[in-house]
Amino acid sequence: MRIDFYVLKEPGGEARERFACRIAEKAFGLGQRLHLLVGDAGAAQRLDELLWTFRAGSFLPHAIDPAGGDPDHPITVGAAEPPELSGQVLVNLQDEVPACFERFERVVEIVAADESSRQAARRRFSFY
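Everything quoted here is computed from the prediction, not taken from an experiment.

A word on the confidence of the model for the chain
The predicted coordinates should not be examined in detail at positions where pLDDT is low. When pLDDT is averaged across the chain, the result is 88; 91% of the residues are at 70 or more. Looking at the elements of the chain, mean pLDDT is at its lowest for strand β3 (residues 62-64), recorded as 88, and at its highest for strand β6 (residues 106-111), recorded as 97.

Structure, rendered in structure tokens:
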């Protein structure tokens, strides 16, 4: 298992979400399945919209909280634990370590520049 922390220069959740879209685009280009784990349904909706608009010309096929890990969706977004067939890469946008992290080959942690985000990331780093 590989766990990567990306520390951003910008503060806030929007910077984390934009960076998550870049990670999703790269994973999709490499043919990897990816799950974006967010804090709540509102964050899932924001990320859903951002996956279509974060960069001109981008097309990232994805689904919000798909049941059963539909293989037609290489990218999934959700606030709950992902389905069993969720993929190789987990992008954690929650402040806690997800219980399902061991099911993935790679975990991506994105840390914003604000102090609260860094404190939460330090706790996750210590756990991993």
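And the narrative resumes.
Considering the side chain of Arg106
You can see Arg106 is positioned in strand β6. Contacts of Arg106, omitting those with residues within four sequence positions, involve Arg2, Asp4, Tyr6, Gln88, Val89 and Leu90.

As for the packing of helix α1 (residues 13-29) against helix α2 (residues 41-53)
The angle between the axes and the distance between the axes are what describe a pair of packed helices. Following both chains from N to C, one finds α1 and α2 inclined at 55°, their axes separated by 10 Å at the closest point. For the element pair α1 / α2, the angle class is oblique. Like other packed secondary-structure pairs, α1 and α2 cross with a definite hand, here right-handed. Contacts between α1 and α2 involve Glu17, Arg18, Cys21 and Ala24 on the former and, on the latter, Arg46, Leu47, Leu50 and Leu51. Here the residues of the contact of α1 with α2 sort into five nonpolar, no polar and three charged.

Some points on α2
The α-helix advances 3.6 residues per turn, and as a result positions three or four apart in sequence lie on the same side. Taking 1.5 Å per residue, 13 residues should reach 18 Å; α2 reaches 19 Å between its end C-alpha atoms and fits that length. Among the residues of α2, Ala43, Ala44, Leu47, Asp48, Leu50 and Leu51 are the ones counted as buried. Where α2 is buried, its residues meet α1, β2 (34-37), β3 and β4 (75-78).

Observations concerning the sheet that holds β4
Reading across the sheet, the six strands line up as β1-β6-β5-β2-β4-β3 and stay open at both edges, with parallel pairing between neighbours. The open sheet has two free edges, formed respectively by β1 (2-7) and β3, since each of these has just one partner strand. Taken over all neighbouring pairs, the strand axes of this sheet differ in orientation by 20° on average, direction set aside. Pairing of β1 with β6 involves six bridges; the strand directions are parallel. What sits directly across from Tyr6, in β6, is Ile110. Here α2 sits on the sheet in contact with β2, β3 and β4, set at roughly 165° to β3.

Reading guide: rules and limits
Each chain carries its own residue numbering, running from 1 in the direction its sequence is written. At least 70 in pLDDT is required for a residue's local features to be given in this predicted model, at least 80 for side-chain atom pairs to be given and counted, and no such filter applies to totals for whole chains, interfaces and linings, which use all residues. The basis for every side-chain value is the complete set of heavy atoms in the structure, and neither hydrogens nor water enter the calculation. The predictor's confidence in any single residue is recorded as pLDDT, a number from 0 to 100. By definition, any uninterrupted DSSP run of H or I lasting at least four residues is a helix, any uninterrupted run of E lasting at least two residues is a strand, and each is numbered from the N terminus. By definition in these notes, contact holds between two residues if any of their heavy atoms fall within 4.5 Å. Comment: axis = line fitted to C-alpha atoms, over the contacting stretch for helices; angle = value between 0 and 180 degrees taken between N-to-C directions. Here the word oblique covers every angle except those under 35 degrees (roughly parallel), over 145 (roughly antiparallel) and from 65 to 115 (roughly perpendicular). Here a crossing is called left-handed whenever its near helix is offset anticlockwise from the far helix by less than a right angle, and right-handed whenever the offset is clockwise. Each residue is assigned to one class: nonpolar for Ala, Val, Leu, Ile, Met, Phe, Trp, Tyr, Cys and Pro, charged for Asp, Glu, Lys and Arg, and polar for all the others, Gly among them. Helix span, as expected, comes to 1.5 Å for every residue beyond the first. Here the term buried applies to any residue with accessible area under 20% of the maximum for its type, exposed to any over 50%, and partly exposed to those in between, with areas from a 1.4 Å probe on protein chains only. Between any two strands, at least two bridges found by DSSP are needed for them to pair.

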